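Observations on chain architecture
As a plain string of letters, each chain reads:
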Amino acid sequence: MKITGFKTHDVRFPTSLHKDGSDAMNKDSDYSAAVIILQTDGELEGHGLTFTLGRGNEICEVAIQAIAPKLVGLTVEDLIADMGKTWKLLTYDSQLRWIGPEKGAIHLATAAVVNAVWDLYAKIEKKPLWRLISDFTPEQLVSIIDFRYIDDALTPEEALAILKAQEPTKAARIAEMEQNGFPAYTTSAGWLGYSDEKVRALCEEARDKFGFSVFKQKVGANQEDDIKRARLIREVVGYENATLMMDANQVWGVKQAIDWMQPLLEFKPKWIEEPTSPDDILGHAAIRKALYPATGVATGEHVQNRMIFKQMLQANAIDFVQIDSCRLGGVNEVVAVMLLAKKFGKPVCPHAGGVGLCEHVQHLSILDYVCIAGDLTDRVCEFVDHLHEHFVDPCIVKGGKYVAPSLPGYSTELHADSITQWSWPNGPSWVQLRAEGKI
């Protein structure tokens, strides 16, 4: 089977109309995806995407179009036989590296292309991605990782030892995930732009209808409002059987973050997420030193590669590692960061939401538990209840847990009609919104 070509799409949804996704930094998010479909001379296709907030999605689409031609004409068998080599094929281009390297729009595009290959691989093997990788030997899993720039913190030999230590009990964890699913938490009730009445109703629904006991609140725009909102959420969900996290979405400076959090510590947040710039490693470390153990520090949504995560961990700057499936360079780099997190004793709690991120990270959390972590302590995966109806294999949450995906692939395939309707700028749904004067 050969890769014969690819198609790309700029798909956007008008989530800003209802303040879905609103936080202190991002007030008008239109959840969007730059999509790639890898075409073959067989019946199967590989689907990948990267997530943006609207404007700029077209830049990611162009970046995908710059990377993907490297795959055209190659046999799928050769690509999947050595996924480490395939990752380097897509990331070692000396000219494209100049507009990164391994960060920014070119790396977002890398994730889309890499993940499309993984989706195709899993479909060929007729397994969901998490199970495909769970069935790898430790040697196979180590082989997909690029250790350049991180072997001062994690060597291939150390990674192999971590994986081999989990191997004897891996089958039991696979069975556990298939039966019970992976613990989730909800952010859907905590968007900053929602009214107090809506937040109260959504917290009650999340607890009573969907079984959630872990909730996240957006903070950072107005301290008094943050205190009021935290008190409201705690009134609804309580303290004894509920966990609350807070997320500032990078809006603060270092001293501001420390000062702002002082009155919020009363509400016992498990973590403060993205308290400052995601590139400020020492800033995160200073915030953690000031706030721990009253609360932990989490970040990763905008941590752009394994090297920044490495330094965050070396500096003891974070307590929770929030990998993003489409900001890191696809599955290969995600696995590298998960192994780094294991080496440094920090739990992985992926960032999700947006378009398709929940569909991605359910696979990643499960494979982390099965192959690397071997422990669910402090591990929870974000869930946001938006836009899942647009996916062929949407994620499912029951009883506050992700149901382990069972269909072949990476769950990244959008319905063809959704792509048509919401293609920017001239998809029929966008044309209708303009005619109605809503945008």
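Up top is the structure these notes are about.
Treat the numbers as computed from the prediction; the structure is a model and nothing was measured.

Time to look at the overall build of the chain. Within the chain, the regular secondary structure consists of 18 helices and 12 strands. Here the C-alpha atoms of the chain give a radius of gyration of 21 Å, agreeing with the 22 Å that 2.2 N^0.38 yields for 439 residues. Dimensions of the chain, computed from C-alpha atoms along their principal axes, come out at roughly 60 × 60 × 45 Å. Looking at the chain as a whole, 60% of its 439 residues qualify as buried. In the chain, of all internal contacts separated by at least 6 residues, the share reaching a separation of at least 24 is 75%. Here the chain has roughly 16,700 Å² of accessible surface; of this, 52% comes from carbon and sulfur atoms. Seen as two clouds, the 45 positive and the 59 negative side-chain charges of the chain have centres 3 Å apart.

A grouping of Leu17, Trp424 and Ile439 is seen on the molecular surface, where their side chains present a nonpolar patch of about 260 Å² in accessible area. Relative to the assigned elements, tryptophan 424 resides in the loop between helix H17 (416-422) and helix H18 (428-435). Overall, tryptophan 424 belongs to the partly exposed group, its relative accessible area being 33%.

The next subject is the nonpolar core. Membership of the largest hydrophobic core comes to 138 residues, with the highest contact counts inside it found for Trp118, Ile323 and Tyr402. Ranked by the residues each element gives to this core, the list is headed by helix H5 (residues 104-124), at 12 residues. In contact with isoleucine 323, not counting residues within four places along its chain, are Phe309, Leu328, Val334, Val337, Met338, Val348, Pro350, His351 and Leu364. Within the second largest apolar cluster, eight residues are counted, among which are Val214, Trp271, Ala298 and Phe320.

Now for the environment of leucine 265. For leucine 265, the location among the structural elements is in the loop between helix H12 (254-261) and strand E7 (269-273). Put simply, leucine 265 and glutamine 39 are 226 residues apart on the chain and 52 Å apart in space, counted from C-alpha to C-alpha. Apart from the residues lying within four places of it in its own chain, the contact partners of leucine 265 are Leu291, Ala294 and Thr295.

Looking now at the side chain of histidine 351. Tracing the sequence through the fold places histidine 351 in the loop between helix H15 (331-344) and helix H16 (357-373). At a separation of 3.3 Å, a polar atom in the side chain of histidine 351 contacts the side chain of glutamate 301. In this structure the side chain of histidine 351 is engaged in a polar contact, spanning 2.6 Å, whose partner is the side chain of aspartate 324.

What follows covers the state of the cysteines. Counted by the stated rule, this structure contains zero disulfides. Lacking any disulfide linkage, cysteine 60 is separated from the closest cysteine sulfur, that of cysteine 326, by 10.0 Å.

Another point: the packing of aromatic side chains. By the definition in use, this model includes 12 aromatic pairs. Here tryptophan 118 and tyrosine 121 contribute two aromatic rings whose centre-to-centre distance is 5.7 Å and whose plane-to-plane angle is 20°, an arrangement assigned as stacked. Of the two residues, tryptophan 118 and tyrosine 121 both sit in helix H5, three residues apart, roughly one turn of that helix. Residue tryptophan 118 shares its accessibility class with tyrosine 121, and that shared class is buried. Connected via pairs of aromatic rings, a cluster forms that spans Phe13, Trp422, Trp424 and Trp430. The cationic tip of arginine 148 hangs over the ring face of tyrosine 92; the distance from NZ or CZ to the ring centre is 4.2 Å. Residue placement shows arginine 434 over the ring face of tryptophan 424; its charged tip is 5.3 Å from the ring centre.

This part covers the sheet that holds strand E1 (residues 3-12). Across the sheet, three strands lie side by side as E1-E2-E3; this open sheet has antiparallel pairing. Looking at the sheet topology across the chains shown, the edges are occupied by E1 and strand E3 (46-52). Within the sheet, the average angular offset between the axes of one strand and its neighbour, ignoring direction, is 15°. Bridge count for strand E2 (residues 32-40) against E3 is seven bridges, and the pairing is antiparallel. By the bridge assignment for E3, alanine 34 is matched with threonine 50.

Tallied over the entire structure, the rule returns 32 salt bridges. Among the salt bridges present, the one from lysine 127 reaches aspartate 135, with a minimum N-O distance of 2.8 Å. Residue class for lysine 127 comes out partly exposed when judged on its relative accessible area of 25%. Judged by its relative accessible area of 33%, aspartate 135 is partly exposed. Here the salt bridges do not stand alone but share partners, grouping Arg97, Glu102, Asp146, Arg306 and Glu333 into one network.

The rules we used
Residues numbered from 1 in each chain as written. Predicted model: local features only at pLDDT ≥ 70, side-chain atom pairs only at ≥ 80, totals over all residues. Heavy atoms only, no water. Helix = DSSP H or I, 4+ residues; strand = E, 2+ residues; numbered from the N terminus. Rg over C-alpha atoms; globule rule 2.2 N^0.38 Å. Buried < 20%, exposed > 50% of the residue type's maximum accessible area, 1.4 Å probe, protein only. Contact = heavy atoms within 4.5 Å. Areas by Shrake-Rupley, 256 points an atom, 1.4 Å probe, with all protein chains shown as cover. Lys, Arg positive; Asp, Glu negative; His and termini not counted. Charge placed at Lys NZ, Arg CZ, Asp CG, Glu CD. Patch = residues over 30% accessible without salt bridge, like charges linked within 9 Å, V, L, I, M, F, W, Y side chains within 5 Å. Salt bridge = Lys/Arg side-chain N within 4 Å of Asp/Glu carboxyl O. Core = buried A, V, L, I, M, F, W, Y, C linked by side-chain atoms within 4.5 Å. Polar contact = N/O pair within 3.5 Å; in protein donor to acceptor, adjacent residues only side chain to side chain. Disulfide = S-S within 2.5 Å. Phe/Tyr/Trp six-rings, centres within 6.5 Å; stacked < 30°, edge-to-face > 60°. Lys NZ or Arg CZ within 6 Å of the ring centre and 35° of its normal. Pairing = 2+ DSSP bridges. Axes fitted to C-alpha atoms, helices over the stretch in contact; angles between N-to-C directions.

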